[in-house]
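So you can see what is in the structure, the chains are spelled out below.
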Amino acid sequence: MNVEKLKQKILDLAIRGKLVPQDPNDEPASVLIEKIRAEKEALIKQGKIKRDKNESYIFKGDDNSYYEKVNGETKKINVPFDIPTTWEWVRLCSLGQIIGGGTPSTEIKAYWDKGTISWITPADMGEHRTKYISFTQRKISELGLSQSSATLMPPNSIVLSSRAPIGYLGITKIPLCTNQGCKSVVPYLQESVEYLYYAIMMAIPNIKERASGTTFKEISGKGFGQTLIPLPPLCEQNRIADLLIQTENKFTIIQSSYNDISRRIEILKYKILDSFFGEHSRYKSYYENEQKLGEILKYEQPAKYIVNSTNYSYDFATPVLTPGKTFILGYTDEKDGIYKVNGKKVIIFDDFTTASRLVDFDFKVKSSAMKILTVSKSNLYDTEYMYLYLQTIHVNNNTHKRYWISLFSNMIIQVPAIDVQREIVMKIKKIFSIIKMIEQSN
């Protein structure tokens, strides 16, 4: 079950106006926009915000096309999808104040010591497990706030990590400020915050497409503010948000149960492997050779197979691999430096985490922190057998050293004859295929 894809589909339906029924008694979004403009005008008169010189007004023409009027100039625009007649398209900057971030100098202790003002970064946001931000690990002082470009935002602001990476999203439950790696929006209408959160979440792929940069991609405050938002009537916003919150809660329970099943399956797989390779395996009597693992598996450094560009696309042919959980990072169109398996199988081994993968297709790699392993004698050793054997070796991999040469290659292991190896592989694969069928049925 792919819970994330299912959640994304439901979110997509909601933001297109296809998840909850429209109520003809709802006040249309056009009226809501006028209320938001009035609220914004009041804040301008109070001196709390500055007037936007490029105020946007989006409307539908007689030809059913959308147009945008900015500074007296009107131009035709493309919108991502159709929306109900009571909805309106608006720029995010028309719905709230766009706020950047800043970092007080870390060399001045007075900016940080005894700080009381919550301050967050994209890295901190990545540690949050819920959409609400109710605390931060670090705090800055009043002096630090005044001497930096950070802005203190009220609760019910929406924060987006705008670089490294783009896409972490949260609603503040406390006053806080961010570093320059975040862009935020303070809604003019607080009642819209939950719906806006989901609308921005749906727009994240588009935000990423519009990001720019060489070292890393980043969306600017102006670019963030230009995000197109489909705006329903306020009552419908609340119905959509309530349903999505309920759905998220249910998915959390489902995901927790699924994770528990996955953990149990991993334990079952380990026990199965142990029954074939462990101390009490009935195959121990078949062991013929006792040899160093490094003599059975020869290694090759991956330097000449490292991809030059990470501009991946599913339209390209050659997969770029990592031994970890992700496995296929993307696909490249590079023609040189491709590892050719030539109809055989190889093992890629992460030198730092000790994770490994069995590969039977041509590939390139992302990192130099791995070894490409092949059997030294194909008439004596089966690659799949050795791969399965590696899955039973567990070491403390928290020391950040390269493990193949320092540890794994010197391990003494016992190996049965090649025909017994192949028999073991066949039996394990048969059992694992049954487990996979059970797993997919859940």
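Residues numbered from 1 in each chain as written. Predicted model: local features only at pLDDT ≥ 70, side-chain atom pairs only at ≥ 80, totals over all residues. Heavy atoms only, no water.

Colleague: Please explain the overall build of the chain as it appears in this structure.
Modeller: Along the chain, the regular secondary structure elements total 11 helices and 22 strands. In summary, the chain has a C-alpha radius of gyration of 28 Å against a globular reference of 22 Å for 442 residues, an excess of more than 25%. For the C-alpha atoms alone, the extent of the chain along its principal axes is close to 85 × 55 × 45 Å. Considering only intrachain contacts with a sequence separation of at least 6, the fraction spanning at least 24 residues in the chain is 70%. Working note: accessible area of the chain is about 24,400 Å², and carbon and sulfur atoms make up 51% of it. (Helix = DSSP H or I, 4+ residues; strand = E, 2+ residues; numbered from the N terminus. Rg over C-alpha atoms; globule rule 2.2 N^0.38 Å. Contact = heavy atoms within 4.5 Å. Areas by Shrake-Rupley, 256 points an atom, 1.4 Å probe, with all protein chains shown as cover.)

Colleague: Can you help me understand the confidence of the model for the chain in this one?
Modeller: Parts of the model with low pLDDT should not have their predicted coordinates read in detail. Confidence along the chain averages 91 in pLDDT terms, with 98% of residues attaining 70 or more. Per-element mean pLDDT across the chain ranges from 78 in strand 14 (residues 287-292) up to 97 in strand 13 (residues 228-231). (pLDDT = per-residue confidence, 0-100.)

Colleague: I tried to follow the sheet that holds strand 11 (residues 176-178) on my own but got confused; where do I start?
Modeller: One key point about sheets: their strands pair by backbone hydrogen bonds, in either a parallel or an antiparallel sense. One open sheet accounts for 3 strands, arranged 8-6-11; its pairing is mixed. Strands with a single pairing partner mark the edges of an open sheet, and in this sheet they are strand 8 (138-140) and strand 11. For this sheet the average axis-to-axis angle between neighbouring strands, irrespective of direction, equals 45°. As judged from the 3 bridges shared by strand 6 (residues 117-120) and strand 8, these two strands associate in the antiparallel manner. The residue bridging Trp119 from the neighbouring strand is Arg138, located in strand 8. (Pairing = 2+ DSSP bridges. Axes fitted to C-alpha atoms, helices over the stretch in contact; angles between N-to-C directions.)

Colleague: Any chance you could explain the pattern of salt bridges here in plain terms?
Modeller: Where charged atoms from two side chains of opposite charge come close, those side chains can pair. Per the counting criterion, the structure on display carries 22 salt bridges. In this structure, Lys340 and Asp362 form a salt bridge, with 3.7 Å as the shortest nitrogen-oxygen distance. A residue pair is termed long-range when its members are at least 10 positions apart, and Lys340 in the loop between strand 17 (328-332) and strand 18 (346-350) and Asp362 in the loop between strand 19 (356-359) and strand 20 (364-365) qualify at 22 residues. On the basis of relative accessible area, Lys340 is assigned to the partly exposed category, the value being 47%. In this structure Asp362 comes out as partly exposed when scored by relative accessible area, which is 31%. What you see here is one network of salt bridges that share partners, running through Arg163, Lys183 and Glu218. (Salt bridge = Lys/Arg side-chain N within 4 Å of Asp/Glu carboxyl O. Buried < 20%, exposed > 50% of the residue type's maximum accessible area, 1.4 Å probe, protein only.)

Colleague: I'm lost on the packing of helix 1 (residues 3-15) against helix 7 (residues 234-277) in this one. Help?
Modeller: Angle between the axes and distance between the axes are the two parameters that describe a pair of packed helices. The N-to-C vectors of helix 1 and helix 7 enclose an angle of 175°; their axes lie 11 Å apart at closest approach. With respect to helix 7, the axis of helix 1 lies roughly antiparallel. Contacts between helix 1 and helix 7 involve Val3, Leu6, Lys7, Ile10, Leu11 and Ala14 from the first element and Ile240, Leu244, Thr247, Phe251, Ile254 and Gln255 from the second. The residue inventory of the contact of helix 1 with helix 7, partitioned by class, reads 9 nonpolar, 2 polar and 1 charged. (Parallel < 35°, antiparallel > 145°, perpendicular 65-115°, else oblique. Nonpolar A, V, L, I, M, F, W, Y, C, P; charged D, E, K, R; others polar.)

Colleague: Please clarify how the pairing of strand 13 should be interpreted in this entry.
Modeller: Look at any regular strand and the pattern is simple: side chains alternate between the two faces of the sheet. Covered by surrounding structure in strand 13 are Leu228 and Pro230 together with Ile229 and Leu231, the residues of both alternating faces. Pairing geometry for strand 4 (residues 88-91) and strand 13, over 4 bridges, is antiparallel. In the strand pairing of strand 13, Val90 is matched with Ile229.

Colleague: Even after reading the chapter, I still don't get the packing of helix 5 (residues 193-210) against helix 7, so can you show me in this structure?
Modeller: Orientation of helix 5 relative to helix 7, taken along the N-to-C sense of each, is 65°, at an axis distance of 8 Å. Classified by the angle their axes make, helix 5 and helix 7 are roughly perpendicular. As for the relative orientation of helix 5 and helix 7, their crossing is left-handed in sense. When helix 5 is examined against helix 7, the residues Glu194, Tyr195 and Tyr198 are found in contact with a partner set consisting of Gln237, Ile240, Ala241, Leu244, Ile245 and Glu248. Partitioned by chemical class, the residues of the contact of helix 5 with helix 7 number 6 nonpolar, 1 polar and 2 charged. (Left-handed = near helix turned anticlockwise from the far one by under 90°.)

Colleague: Looking at this structure, how should I read the packing of aromatic side chains?
Modeller: Each aromatic ring pair is summarised here by two numbers: the centre-to-centre distance and the angle between the ring planes. Enumeration over the complete set of coordinates arrives at 14 aromatic pairs. On the basis of an interplanar angle of 75° and a centroid distance of 5.1 Å, the ring pair of Tyr305 and Tyr339 is categorised as edge-to-face. Residue Tyr305 is located in the loop between strand 15 (297-300) and strand 16 (318-321), and its partner Tyr339 is located in the loop between strand 17 and strand 18; the two are separated by 34 residues in the primary sequence. For Tyr305, a relative accessible area of 9% translates into the label buried. Three or more aromatic residues joined by ring pairs make a cluster, and in this case those are Tyr57, Phe59 and Tyr67. Above the plane of the ring of Phe432 lies Lys269, whose end atom (NZ or CZ) is 5.5 Å from the centre. (Phe/Tyr/Trp six-rings, centres within 6.5 Å; stacked < 30°, edge-to-face > 60°. Lys NZ or Arg CZ within 6 Å of the ring centre and 35° of its normal.)

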